[in-house]
Amino acid sequence: MADQPESARRAAEHSRLLARAVSLAQRSVTEEGGRPFGAVLVRDGQILAEAVNTIHRSGDVTAHAEIEALRAATTAAGNPRLEGATMYASGHPCPMCLAAMYLSGVTSVYYALSQEDAEPYELSTEGIYQELASPPAARQIHMQHIHVPAGDELYSSWHKGKKSP
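All of these numbers come straight from a predicted model, not from anything done at the bench.

Asks: Help me understand unusual backbone geometry, please; the structure alone is not making it clear to me.
Replies: The general pattern is negative phi for most residues beyond glycine and trans for most peptide bonds. Its identity as a non-glycine residue notwithstanding, Asp44 has a phi of 55°, on the positive side. Tracing the chain through its elements places Asp44 in the loop between β1 (38–43) and β2 (46–52). Phi at Glu122 takes a positive value of approximately 60°, unusual for a residue other than glycine. Here Glu122 lies in the loop between α5 (115–118) and α6 (126–133).

Asks: How should I be thinking about the nonpolar core in this particular structure?
Replies: Nonpolar side chains tend toward joint burial in soluble globular proteins. Residues Leu41, Ala69, Leu70, Leu82, Met87, Met101 and Val106 are the most contacted members of the largest nonpolar core, which totals 18 residues. For this core, the elements supplying multiple residues, two or more each, are β1, β2, α3 (65–77) and α4 (95–104). Residue contributions to this core peak at five residues, all from α3. If you look at the next biggest cluster of nonpolar residues, it comprises eight residues, including Leu17, Leu18, Val42 and Tyr88.

Asks: Can you walk me through the UniProt feature "domain: CMP/dCMP-type deaminase" (unreviewed entry) in the chain in this structure?
Replies: Following the UniProt record, one finds the feature "domain: CMP/dCMP-type deaminase" (unreviewed entry) at residues 12–136. A helix fraction of 48% and a strand fraction of 20% characterise residues 12–136, whose end C-alpha atoms lie 42 Å from each other.

Asks: Sorry, what's going on with the sheet that holds strand β3 (residues 86–91) here?
Replies: Backbone-to-backbone hydrogen bonds pair the strands of a sheet. The strands run either parallel or antiparallel. On the basis of which strands lie adjacent, the open sheet formed by four strands has the order β2-β1-β3-β4 and mixed pairing. Sheet topology places β2 and β4 (108–113) at the edges, where each strand pairs with a single neighbour. Mean inter-strand twist for the sheet, computed between neighbouring axes without regard to direction, equals 15°. In terms of strand pairing, β1 meets β3 through four bridges, oriented antiparallel. From the neighbouring strand, Val42 faces β3, where its bridge partner is Thr86.

Asks: So what exactly am I meant to see when it comes to the pairing of β2 here?
Replies: One face of the sheet, then the other: side chains in a regular strand alternate in exactly this way. Alignment of β1 against β2, held across six bridges, turns out to be antiparallel. When the bridges of β2 are listed, Ala39 appears paired with Ala51.

Asks: In this structure, what is going on with the packing of α3 against α4? I would like to understand it.
Replies: A pair of packed helices is characterised by two quantities: the angle between their axes and the separation of those axes. Following both chains from N to C, one finds α3 and α4 inclined at 25°, their axes separated by 8 Å at the closest point. For the element pair α3 / α4, the angle class is roughly parallel. As for the relative orientation of α3 and α4, their crossing is left-handed in sense. Of the residues in α4, those in contact with Glu66, Ile67 and Leu70 of α3 are Met96, Cys97, Ala100, Met101 and Ser104. For the contact of α3 with α4, the class distribution of residues is six nonpolar, one polar and one charged.

Asks: Would you mind going over α3 with me for this structure?
Replies: Every α-helix winds through 3.6 residues per turn, so residues three or four apart in the chain are directed the same way. Over its 13 residues, α3 extends 18 Å from the first C-alpha to the last, a length consistent with the 18 Å expected when each residue adds 1.5 Å. Its buried side turned inward, α3 meets β1, β2, β3 and α4. One or two steps after α3, the chain reaches Gly78, where phi turns positive at roughly 65°.

Asks: Explanation requested: the packing of aromatic side chains in the structure shown.
Replies: The description of an aromatic ring pair rests on the distance of the ring centres and on the angle between the ring planes. Enumeration over the complete set of coordinates arrives at one aromatic pair. Taking 5.4 Å as the distance between ring centres and 15° as the angle between the ring planes, the aromatic pair formed by Tyr88 and Tyr110 counts as stacked. On the criterion of sequence distance, the pair formed by Tyr88 in strand β3 and Tyr110 in strand β4 is long-range, its members being 22 residues apart. Since its relative accessible area comes to 29%, Tyr110 is described here as partly exposed.

Thresholds applied
Residues numbered from 1 in each chain as written. Predicted model: local features only at pLDDT ≥ 70, side-chain atom pairs only at ≥ 80, totals over all residues. Heavy atoms only, no water. Helix = DSSP H or I, 4+ residues; strand = E, 2+ residues; numbered from the N terminus. Core = buried A, V, L, I, M, F, W, Y, C linked by side-chain atoms within 4.5 Å. Buried < 20%, exposed > 50% of the residue type's maximum accessible area, 1.4 Å probe, protein only. UniProt positions renumbered as here; feature names shortened; annotations may be inferred. Pairing = 2+ DSSP bridges. Axes fitted to C-alpha atoms, helices over the stretch in contact; angles between N-to-C directions. Parallel < 35°, antiparallel > 145°, perpendicular 65-115°, else oblique. Left-handed = near helix turned anticlockwise from the far one by under 90°. Contact = heavy atoms within 4.5 Å. Nonpolar A, V, L, I, M, F, W, Y, C, P; charged D, E, K, R; others polar. Expected span 1.5 Å × (residues − 1). Phe/Tyr/Trp six-rings, centres within 6.5 Å; stacked < 30°, edge-to-face > 60°.

Laid out in C-alpha cells, this is it:
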C-alpha cells in the first residue's frame, strides 16, 4: 500500500471503515433483530467507539448507532468534545445524530447508504430534514417561547460558574 497515492489510501480506509459500520449493522439485524444501523467513530486513525442502533433493546428512541458511539467515546474520554473525529455510518445520519455530531465537534461524516436507499424500507429521515428546514410556525410540532422570570439568571449563572476547558 505504500506505493499508492495518499488519496487512494484514504479512499481505501474510508471504504474499510464503512464496511465495518455495515457489518455491525448486519450483525445487529441478524443476531438481535435490531434496526440496520451501525457506526464507527474514529480520530487520528484510532477507533474511539463502535455501536449499533439499540432501540430494540432499550425502547429509547435516541439510541441510534451514531448517538451510542458518541456516548461511548465521550464517556470514555470524560469530555463531550471530539474535535477532529470522523463518523462512519451505515446509513445517512438522521437530523438528531447529525446535530449531536455538530455539538461534539465531529468534523467529517461518511455513510454507506443514502436517504434514497432507505426510502423503500421506511428508514429515510428526509421528511424530518424537510420539516426542520421549515419556519417554526409551519412545523407539525408546536413551539412557542414563553418568558419565565425564574429563568432570567439561569444561563449567566452557569456561565459564571463554568470551568475553562
